[in-house]
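# Structure at a glance
Letter by letter, the chains look like this.
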Amino acid sequence: MSTEDQRAPRSLAAALRARDDASLAALLRARPDLITPVPTDLTQLATRAGTRASVVRALERLDRFALQTAEALAVAGDPATYPELLGLMAGDTRDPVVADALPGALAALREQALVWGDESCLRLVRTARELLAPSAQHPSPTGLGPSVREATAGMSPGRIQELVATAGLPSTHDSVSAVGALTALFTHRKKMTALLASAPADSVDILKRLMWGPPYGQVTADPAARLRWLLDRGLLLPTAPGTVVLPREVALHLRGGRAHRTAEPVPPAVEAAATHPPQVVDSTAAGQAYTSLATVEELLKDWHEGGPAVLRAGGLSVRDLKRTAVALDVSEPMAAFWVELAYAAGLLASDGEADERYAATPEYDDWLERPPADRWAQLAQAWLAATRTSGVVGGRDLKERALSALGPGLDRSAAPEVRHRVLTLLAGLPEGTAPDQEAVLARLRWERPLRGAQGQQSPQGQGHQSAQGPQGSQGDDDLRSRLARWTLMEAELLGVTGRGALSAHGRALLGARSATRRAAAVTADARTGPTGPGDKLPAPHRATAAGSPAASLTAPLSPPEQAVATAAAARVLAPLLPEPLDHVLLQADLTAVAPGPLRRPLADVLSVLADVESKGGATVYRFTPGSVRRALDAGRSASDLHAFLTEHSRTPVPQPLAYLIDDVARRHGHLRVGAASAYVRCDDDALLNEILADKRAAPLRLRRLAPTVLATQADPAALLDGLRAMGFAPAAESAEGDVLISRAHAHRTPPRTAPEPVPDGPPVPDTTLLTAAIRAIRAGDLAATTPRKPTEDAAPLAPGQLPRTSSAETLATVQAAVLTGEALWIGYVNAEGTASQRVIAPVRVEGGFVTAYDHTADEVRTYPLHRITGVAELADD
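Residues numbered from 1 in each chain as written. Predicted model: local features only at pLDDT ≥ 70, side-chain atom pairs only at ≥ 80, totals over all residues. Heavy atoms only, no water.

## Some points on the overall build of the protein
- Looking only at helices and strands, one finds 36 helices and 25 strands in the protein.
- Across the 877 residues that make up the protein, the buried fraction comes to 49%.
- Residue pairs at least 24 apart in sequence account for 67% of intrachain contacts in the protein once pairs closer than 6 positions are excluded. (Helix = DSSP H or I, 4+ residues; strand = E, 2+ residues; numbered from the N terminus. Buried < 20%, exposed > 50% of the residue type's maximum accessible area, 1.4 Å probe, protein only. Contact = heavy atoms within 4.5 Å.)

Below, the structure is given as structure tokens:
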């Protein structure tokens, strides 16, 4: 055996054992499910890395070219050589772009422990091969069928010899050598070319129709001559009655050695759709950011006294969502977005009462007191991290139940990653550049071709691939594409982007500046890094992965980093927001024009005194008898209203508006309503006679108690509403006869926390956890692999099995080790019942405890003897 063969790892565990700590940390960071819980040793880590769920998850996170490389390895020999893989990816012509990028893709597969071995012995993890290799039930994404050996597995020896003879090969003594001879013929370029040159043209056409997949076809019991020619020479092999398959070796010859119709080593470029001056983008985005604040305020002001009821199954009813959309003057999908955004930011929740309703939270009152830029930053940060997705509102879940706003079933764990990735792609464009939406979607599909809940397929779920386009391309209706479309739309609504381009405060929110610096560092490393097939991260792949300047930022920021980025975004946005005004322009047609955003006290009073007629750059308010009466009901007097308008108007108070206020005030409170159940009293008995004579008063069932008093069984609130509907202006009074001021009651929920995002799998471990986990894995592996002295009466232990000795034998062995200073291998079960293997050097034994230097933990520890399952002496070397 050569020295190189001795160094080659014989298993994935051996390959992992040869890695350094930095490489193991990269693996655990890329596949965090492997560290939950922390494996006891590298053998267990390798076993976990080969489980189906973990491999599927890892495959879903490969880009298209890395996935194509894995698919090619699945149809190559096991093991495969690097030249064989290169031929499958680059073809006979050895496409230079593919050849340059292949080492990087292979390194990415190695880093994620999907491939192990050197370039002379490349092995795809068995589970990945099972998922990606072709079979009758699940053809390969490459469109290739089974090999000659696999397709002839159930064929009779006589039939195999007939195929060999018809193909012009000498007969053999057994089927194995006959299949080998047939395989050698189909993989020999010159001989195969000569064989196909002698074939009828119609027969070659059949092969060309099948060569890109699906490789299966139907034949009759009496096939035509062109089919018979192919069947007799094994160029088509039967797999079932009436079904034939094109062997993999024949298809590869027809394809020129390529496993894929089109290899895609380079990600699609994000094309620009339009370019605007950066100042225009920032001002547009800032204006939309202020509008988003006004929309959220208007929403919660509409729900000020208690919002819609909570459905029994949770969420808003369709009718309440429609009413909210009308109140906000937006479409229903837009209304669902604003409602969900307020909920994600912790400004809105259910009150939890028996008659459960939605209402603003106490956090909303604190939010209103903050500067506009800080309020926007809170909304933007909540949106960026939220997994609840308003875009699915109105759809159906897996049980065909309708999905409602604020209801269950709206979480899509991939949403934060997609939002962050879309914004990162925008950050990679020059400032002021709006991307082409389809180019963004194409880039996302290249980066994660297997991700998505709809329109996507798991590795085992790939259907028959046709020759209509590049293998692995997916439809536009997959989840990631829809999330990307919603991200672009929502970012514009929220003011993260302006005119489709990422704004300055959007870049700050994303942390794009630090991302650019990191990308520059990655690109610099790529230019100077290694390029050989065995390198961990060769230059071509690293440069490709970096793509645009900000493309290296592929994952959301950590909470501390995001907090810093959010504060920076608020600082960038603050100077761009319009300054609130303290005045309006009163007009003679009973309207007031606010030429910009108003300061809060002015806006709050004006919203009670007048109704909003139109919104936009300037807001138009209209004064009506009802709105003026609303202000009087809130405790304002006519003189207060005149003084307020005079103070805050840049134009004189129009005479019609002054008359309107005085007229409503003169009639306000002339009628008094109290509890009888309810009564009406008025010094003017003629007015009471008018009410009794009015047919509209019939539902109130009023009766006269005195010349100036009417009574009814209706409650006071219903009586007030009924009289106001008849055109009167009654005022409520207390039991003492004082006028009750009808102020809006601000209904608030108990303190609530914002909904927690649903994680997309285990969280990525931080550096501290990685360091501790790798140390524990190394320690466990050291204990598991340390050579031990063989014993005559004990059977050899299986890997991971703890040693077993009696208490007396354990004590005697430990005491002897104290005297000799030798190290021991022990099995230990801690107080939580977790078993582990350790290598210790005993120092002292007393009181039922052994104090020893633990080589696996690299420190002195004390162990109870009753928790040691057994001991064994280590080998002398």
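## Notes on the side chain of Thr851
- On the secondary structure map, Thr851 appears in strand 23 (residues 849-854).
- Take Thr851: its relative accessible area is 12%, and that puts it in the buried class.
- Here the side chain of Thr851 touches Thr862 through a polar contact of 3.4 Å, side chain to side chain. (Polar contact = N/O pair within 3.5 Å; in protein donor to acceptor, adjacent residues only side chain to side chain.)

## Focus on the packing of aromatic side chains
- A complete count under the given rule lists four aromatic pairs for this structure.
- A cation over a ring is seen here: Arg375 above Trp367, with NZ or CZ 5.3 Å from the ring centre. (Phe/Tyr/Trp six-rings, centres within 6.5 Å; stacked < 30°, edge-to-face > 60°. Lys NZ or Arg CZ within 6 Å of the ring centre and 35° of its normal.)

## Looking at the packing of helix 17 (residues 278-302) against helix 21 (residues 372-385)
- One can describe the packing of helix 17 onto helix 21 by two numbers: an axis separation of 10 Å at closest approach and a directional angle of 80 degrees. The angle between the axes of helix 17 and helix 21 places the two elements in the roughly perpendicular class. Across the interface between the two elements, Ala289, Tyr290, Ser292, Leu293, Val296 and Glu297 from helix 17 touch Pro372, Arg375, Trp376 and Leu379 from helix 21.
- Classifying every residue of the contact of helix 17 with helix 21 by side-chain character gives seven nonpolar, one polar and two charged. (Axes fitted to C-alpha atoms, helices over the stretch in contact; angles between N-to-C directions. Parallel < 35°, antiparallel > 145°, perpendicular 65-115°, else oblique. Nonpolar A, V, L, I, M, F, W, Y, C, P; charged D, E, K, R; others polar.)

## Brief notes about the packing of helix 21 against helix 22 (residues 415-427)
- Relative to each other, helix 21 and helix 22 sit at 115 degrees, their axes nearing to 7 Å. Put simply, helix 21 runs roughly perpendicular to helix 22. Residues Trp383, Leu384 and Ala385 of helix 21 form the contact with helix 22, whose participating residues are Pro416, Arg419 and Leu423.

## Looking at the nonpolar core
- Residues Leu59, Phe65, Leu73, Phe186, Leu235 and Leu236 are the most contacted members of the largest nonpolar core, which totals 98 residues.
- With eight residues, helix 6 (residues 64-75) is the largest single contributor of residues to this core.
- Dropping the residues within four chain positions of it, Phe186 is found in contact with Val148, Met192, Leu195, Arg233, Gly234, Leu235, Glu249, Val250 and His253. (Core = buried A, V, L, I, M, F, W, Y, C linked by side-chain atoms within 4.5 Å.)

## Focus on empty space enclosed by the protein
- One pass over the structure, following the stated rule, counts four cavities of 30 Å³ or more.
- Here the largest cavity defines a volume of roughly 110 Å³.
- If you trace the largest cavity, you find it lined by Phe337, Glu340, Leu341, Ala344, Trp383, Ala386, Arg388, Thr389, Ser390, Arg419 and Glu490.
- Of all the elements, helix 19 (residues 332-344) adds the most residues to the lining of the largest cavity, at four residues.
- Broken down by class, the residue content of the lining of the largest cavity amounts to five nonpolar, two polar and four charged. (1 Å grid on protein atoms, 1.4 Å probe; cavity = no way out; pocket = protein on both sides within 12 Å on 5 of 7 lines; lining within 4 Å. Points joined across faces, edges and corners; volume = space filled by probe spheres on them.)

## Digging into the sheet that holds strand 22 (residues 835-846)
- Pairing in this open sheet of five strands is antiparallel, and the strands run 24-23-22-21-25 from one edge to the other. Since the sheet does not close on itself, it has two edges, and those belong to strand 24 (859-864) and strand 25 (868-873), each with one partner. Strand-to-strand twist of the sheet, defined as the mean angle between neighbouring strand axes without regard to direction, takes the value 45 degrees.
- In this structure, strand 22 lies alongside strand 23, joined through six bridges in antiparallel fashion. Considered in strand 23, the bridge of Val845 is made with Val850.
- This element, helix 36 (residues 807-820), spans strand 21 (824-829), strand 22, strand 23 and strand 25 of the sheet and lies at about 65 degrees to strand 22. (Pairing = 2+ DSSP bridges.)

## Side note on the pattern of salt bridges
- Inspection of every chain in the model, using the stated rule, returns 30 salt bridges.
- Linking Glu264 and Arg64 is a salt bridge whose minimum nitrogen-to-oxygen distance equals 3.5 Å. Here Glu264 is found in the loop between helix 16 (248-254) and strand 6 (272-275), whereas its partner Arg64 is found in helix 6, with 200 residues between them in sequence. Exposure class is identical for Glu264 and Arg64. Each is buried.
- Put simply, Arg480 and Glu417 hold a salt bridge, and the shortest N to O gap is 3.6 Å. A residue pair is termed long-range when its members are at least 10 positions apart, and Arg480 in helix 24 (residues 479-494) and Glu417 in helix 22 qualify at 63 residues.
- One network of salt bridges, in which partners are shared, links Asp78, Arg123 and Arg129. (Salt bridge = Lys/Arg side-chain N within 4 Å of Asp/Glu carboxyl O.)

## Some words on helix 6
- With twelve residues, helix 6 extends 17 Å between its outermost C-alpha atoms, agreeing within 8% with the 16 Å of an ideal straight helix rising 1.5 Å per residue.
- By the criterion of burial, helix 6 is predominantly enclosed, with twelve of the twelve residues buried.
- The set of residues buried in helix 6 consists of Arg64, Phe65, Ala66, Leu67, Gln68, Thr69, Ala70, Glu71, Ala72, Leu73, Ala74 and Val75.
- The opening residue of helix 6 is Asp63, an N-cap whose side-chain oxygen sits 3.1 Å from the backbone nitrogen of Phe65. (Expected span 1.5 Å × (residues − 1).)

## Some points on the pairing of strand 23
- Where strand 22 folds back onto strand 23 in an antiparallel hairpin, the turn is made up of two residues, including Gly847, whose phi is positive at roughly 60 degrees.
- Taken together, the six bridges between strand 23 and strand 24 define a ladder with antiparallel strand orientation. When the sheet's bridge partners are listed, Thr851 is paired in strand 24 with Thr862.

## Considerations on the confidence of the model for the protein
- In the predicted model, the protein carries a mean pLDDT of 83, and 86% of its residues have values of at least 70.
- Here residues 1-6 is modelled with pLDDT under 50, and outside its nearest four sequence neighbours on either side it reaches four contacts, counting other chains as well. (pLDDT = per-residue confidence, 0-100.)

## Concerning the pairing of strand 25
- The buried count for strand 25 comes to five of six residues, which makes it a mostly enclosed element.
- In this structure, strand 21 lies alongside strand 25, joined through five bridges in antiparallel fashion. Paired with Gly827 across the bridge in strand 25 is Gly870.

## Quick notes on the sheet that holds strand 5 (residues 243-245)
- What the three strands build is an open sheet, ordered 3-5-4; its pairing is antiparallel. Each end of this open sheet is capped by a strand with a single partner; those strands are strand 3 (216-218) and strand 4 (237-240). Ignoring strand direction, the axes of neighbouring strands in this sheet form an average angle of 40 degrees.
- Sheet topology places strand 4 next to strand 5; three bridges connect them, and they run antiparallel. Note on strand 5: the bridge partner recorded for Pro238 is Val244.

## Details of the environment of Pro200
- Structurally, Pro200 can be placed in the loop between helix 13 (189-197) and helix 14 (201-210).
- Judged by relative accessible area, Pro200 falls into the partly exposed class, the value being 35%.

## Some remarks on the environment of Pro241
- Mapping Pro241 onto the fold places it in the loop between strand 4 and strand 5.
- When the C-alpha atoms of Pro241 and Ala221 are compared, they prove to be 8.4 Å apart, with 20 residues separating the residues in sequence.

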